[in-house]
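A look at the structure
What follows is each chain in one-letter form.
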Amino acid sequence: MVKMKIFNRKKYFLLTLVIILLALGYGLMAGPAKIPGEFNEAVFSYRRITLAPVIILGAYGLLVFTIFTKK
């Protein structure tokens, strides 16, 4: 019986990087809440509106690239 490897070492590294980037992006988007239930202007900061979604979309793009590339 022949064992098939789905991913090689490089792909596992890239998949780990994707997981780290996704966690970072969602963490930046969530951010700390000072008083729960009270409106906070920090919801509209550059970090939450622009930076975090760009990191998340980049991570998903890297994920698609990693999955569809050949060995």
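Residues numbered from 1 in each chain as written. Predicted model: local features only at pLDDT ≥ 70, side-chain atom pairs only at ≥ 80, totals over all residues. Heavy atoms only, no water.

Attention now goes to a nonpolar patch on the surface. Taken together, the side chains of Phe39, Val43, Phe44 and Ile49 define a hydrophobic patch exposed on the protein surface, amounting to about 430 Å² of accessible area. Looking at the secondary structure, you find phenylalanine 44 in the loop between helix H1 (9-30) and helix H2 (46-68). (Patch = residues over 30% accessible without salt bridge, like charges linked within 9 Å, V, L, I, M, F, W, Y side chains within 5 Å. Areas by Shrake-Rupley, 256 points an atom, 1.4 Å probe, with all protein chains shown as cover. Salt bridge = Lys/Arg side-chain N within 4 Å of Asp/Glu carboxyl O. Helix = DSSP H or I, 4+ residues; strand = E, 2+ residues; numbered from the N terminus.)

What follows covers the environment of leucine 22. Locating leucine 22 in the fold gives a position in helix H1. For leucine 22, a relative accessible area of 15% translates into the label buried. Residues leucine 22 and isoleucine 56, 34 residues apart in the sequence, show an inter-C-alpha distance of 5.5 Å. Leaving out residues up to four positions away in the same chain, leucine 22 has contacts with Ile56, Ala59 and Tyr60. (Buried < 20%, exposed > 50% of the residue type's maximum accessible area, 1.4 Å probe, protein only. Contact = heavy atoms within 4.5 Å.)

A few words now on the side chain of threonine 66. One can find threonine 66 in helix H2. Side-chain polar atoms of threonine 66 contact the backbone oxygen of leucine 62, separated by 2.7 Å. Those residues in contact with threonine 66 that sit more than four places away from it in its chain are Lys11, Leu14 and Leu15. (Polar contact = N/O pair within 3.5 Å; in protein donor to acceptor, adjacent residues only side chain to side chain.)

Below, the discussion takes up the environment of glycine 31. On the secondary structure map, glycine 31 appears in the loop between H1 and H2. Judged by its relative accessible area of 29%, glycine 31 falls in the partly exposed class. When the C-alpha positions of glycine 31 and alanine 42 are compared, they lie 9.1 Å apart, and in sequence the two are 11 residues distant. Beyond its immediate chain neighbours, meaning those up to four positions away, glycine 31 contacts Arg47 and Arg48.

A separate point is the packing of H1 against H2. Close contact between H1 and H2 brings their axes to 8 Å; oriented N to C, the two are set at 160°. Between H1 and H2, the interaxial angle falls into the category roughly antiparallel. Here H1 and H2 pass one another in a crossing that is left-handed. Partitioning the contact of H1 with H2 into residue classes produces 21 nonpolar, 2 polar and 3 charged. (Axes fitted to C-alpha atoms, helices over the stretch in contact; angles between N-to-C directions. Parallel < 35°, antiparallel > 145°, perpendicular 65-115°, else oblique. Left-handed = near helix turned anticlockwise from the far one by under 90°. Nonpolar A, V, L, I, M, F, W, Y, C, P; charged D, E, K, R; others polar.)

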